[in-house]
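Okay, here's what each chain looks like letter by letter:
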Amino acid sequence: MKLHHRVDGPQDGPLLVLGPSLGTTLDVWRPQLPALTSTWRVLRYDLPGHGGSAPAAGFTVEDVARAVLDLAGDAPFAAGGVSLGGAVAATAAVLAPERVRTLVLCCTSARFGEPGPWHERAAQVRAEGLAPLAPLLRSRWFTPGFDGRWVTDMLEHVDPASYAACCDAIAAFDLTPRLGKIEADTLVIAGADDPATPVDHALALADGIPDARLEIVDDASHLANVERPTTVTKTLLTHLRPPSPRGDHPGPAARRERQETAPDSHAAGTRTRREVLGDAHVDRAVAATTDFTRDFQDLITRYAWDEIWNRPGLDRRTRSCVTLTALVARGHMEELAMHVRAALRNGLTRDEIKEVLLQTAVYCGVPAANAAFAAAQRTLKDLDH
């Protein structure tokens, strides 16, 4: 399999390979290109039958990943992608851990749901073409009101039979059992309003890949890099670090060793705090820190956000359920509002939050639950505006 590709950036720069989503071309990464190419030699490719790549059928995600590894050559490189492109990048990292040193997984998944709907979409496209699918894709790629026509127009450059073959490949894809084999320094990016790969898919990636970091982009759907280009570009630049001249690779073992030999609990706690509460909240808290409160902020960052929230025994969805219940029981309604937002970022739906609060009416008391519902409703209403 040969994939059409394009290389931009300095010839002597470190290599970054970026893959597109199903139904788009390599131009989907255009918003990030100017910032990335100031340092990186960026190789973007088209999926089979998309853009300039020849039509193909009967392939797997692993086949595409091997084609990408062929494009990259033998030297170590960074890999990334959005949606299906992210799945390809993660698969390449499993196949060649010694070559894929850094990984960026944007709005993607280790398993894109049950295979049935993907086979149904493949059959529809084979029978009717891509035009009838465009309104559905537009509603899943972007939040209401966002004008992403320059991206949806890419469907005109996609071969329907190859699109259907990609759907079949996605139906068969499940990298979940192999996530632990990824050694790359990994960033997972999720759109907070993504219906195609919801936040819980990103959480599964971040939990399954050793030492992966998760960033959730507010007010973004499936193509977060297009809808919120400034935020995603800034996040990418923070994560991507060109390799050192010696070619050192900060894999999971090296990162764990650094954490054991350096006072890095504060950094780990800060990272988790930002992932759960959001950058805006943490930035406000940091800005408000004084000499009087600095030690307390350090205490909660290290003990609450690292030693408790980063324990492997419970996933973050469950920890959010426990936290909401405890806050209702103690009557901490201001803190509850903050953790309602956090619960949404951790993958709970509004209906699930409602169920947690209903449970508290029985075990914490109706007055406490009544106050909790009022606080949660105000928070959710604010998020809708």
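Residues numbered from 1 in each chain as written. Predicted model: local features only at pLDDT ≥ 70, side-chain atom pairs only at ≥ 80, totals over all residues. Heavy atoms only, no water.

Caption draft 1: Local environment of the overall build of the protein chain. Within the protein chain one finds 18 helices and seven strands. Whereas a compact globule of 385 residues would reach a radius of gyration of roughly 21 Å, the protein chain reaches 22 Å, a difference of no more than 12%. Across its three principal directions, the C-alpha atoms of the protein chain cover 65 × 50 × 35 Å. Counting every position in the protein chain, which comprises 385 residues, the buried fraction comes to 50%. Counting only contacts in the protein chain whose residues sit at least 6 apart along the sequence, the fraction spanning at least 24 positions is 78%. Measuring between centres, the 41 positive side-chain charges of the protein chain sit 2 Å from its 49 negative side-chain charges. (Helix = DSSP H or I, 4+ residues; strand = E, 2+ residues; numbered from the N terminus. Rg over C-alpha atoms; globule rule 2.2 N^0.38 Å. Buried < 20%, exposed > 50% of the residue type's maximum accessible area, 1.4 Å probe, protein only. Contact = heavy atoms within 4.5 Å. Lys, Arg positive; Asp, Glu negative; His and termini not counted. Charge placed at Lys NZ, Arg CZ, Asp CG, Glu CD.)

Caption draft 2: Summary view of the packing of helix α15 (residues 316–330) against helix α17 (residues 350–363). Packing of α15 against α17 brings their axes to within 10 Å, and their N-to-C directions diverge by 40°. With respect to each other, α15 and α17 are oriented oblique. Along this stretch, α15 crosses α17, giving a crossing that reads as right-handed. On the side of α15, the interface is formed by R317, C321, L324, T325 and V328, while α17 contributes E352, I353, V356, L357 and T360. A per-class count over the contact of α15 with α17 returns six nonpolar, two polar and two charged. (Axes fitted to C-alpha atoms, helices over the stretch in contact; angles between N-to-C directions. Parallel < 35°, antiparallel > 145°, perpendicular 65-115°, else oblique. Left-handed = near helix turned anticlockwise from the far one by under 90°. Nonpolar A, V, L, I, M, F, W, Y, C, P; charged D, E, K, R; others polar.)

Caption draft 3: Structural context of the nonpolar core. Within the largest apolar cluster, 91 residues are counted, with the highest numbers of intra-cluster contacts made by L84, V100, L103, Y163 and I182. Excluding its chain neighbours within four sequence positions, the residues that come into contact with L84 are P20, S21, L22, L47, V61, F112, C166 and I170. By size, the runner-up hydrophobic cluster in this structure holds 16 residues, among which are V328, M333, L336 and A343. (Core = buried A, V, L, I, M, F, W, Y, C linked by side-chain atoms within 4.5 Å.)

Caption draft 4: Expanded view of empty space enclosed by the protein. With the rule as written, the count across this model stands at one cavity of 30 Å³ or more. Roughly 30 Å³ of volume is contained in the largest cavity. If you trace the largest cavity, you find it lined by V17, Y45, V68, A79, G80, G85, V88, A89 and A92. Elements supplying a minimum of two residues to the lining of the largest cavity: β4 (77–82) and α3 (84–95). Top contributing element to the lining of the largest cavity by residue count: α3, with four residues. Among the residues making up the lining of the largest cavity, the classes are represented as seven nonpolar, two polar and no charged. (1 Å grid on protein atoms, 1.4 Å probe; cavity = no way out; pocket = protein on both sides within 12 Å on 5 of 7 lines; lining within 4 Å. Points joined across faces, edges and corners; volume = space filled by probe spheres on them.)

Caption draft 5: A look at the confidence of the model for the protein chain. For the protein chain, mean pLDDT is 91; residues scoring 70 or higher make up 94% of the total. Scored below 50 in pLDDT, residues 244–263 shows 25 contacts in the model against residues more than four places distant or in partner chains. (pLDDT = per-residue confidence, 0-100.)

Caption draft 6: Fine view of the pattern of salt bridges. Here the structure, examined in full by the defined rule, presents 18 salt bridges. Notably, a salt bridge pairs R66 with E62, separated by 3.0 Å at the nearest N-O pair. Pair noted here: R66 and E62 are both in helix α2 (residues 61–72), with a separation of four residues, about one helical turn. Look at E62 and you get partly exposed, because its relative accessible area is 26%. Between E62 and R178 there is a salt bridge, with the nearest N and O atoms lying 3.4 Å from each other. Highlighted residues: E62 in helix α2 and R178 in the loop between α7 (160–171) and β6 (185–191), separated in sequence by 116 residues. The class of R178 is partly exposed, set by a relative accessible area of 28%. (Salt bridge = Lys/Arg side-chain N within 4 Å of Asp/Glu carboxyl O.)

Caption draft 7: Summary view of the pairing of strand β2 (residues 15–19). Where burial is concerned, most of β2 is hidden: five out of the five residues are buried. With burial as the criterion, each face of β2 is covered, one bearing L15, V17 and G19 and the other bearing L16 and L18. Sheet analysis places β2 next to strand β3 (residues 41–45), joined by four bridges and oriented parallel. Counted as the bridge partner of L18 is R44 from β3. Examined bridge by bridge, β2 and β4 share four bridges and lie parallel to one another. Bridging from a neighbouring strand, L16 pairs with A78 of β4. (Pairing = 2+ DSSP bridges.)

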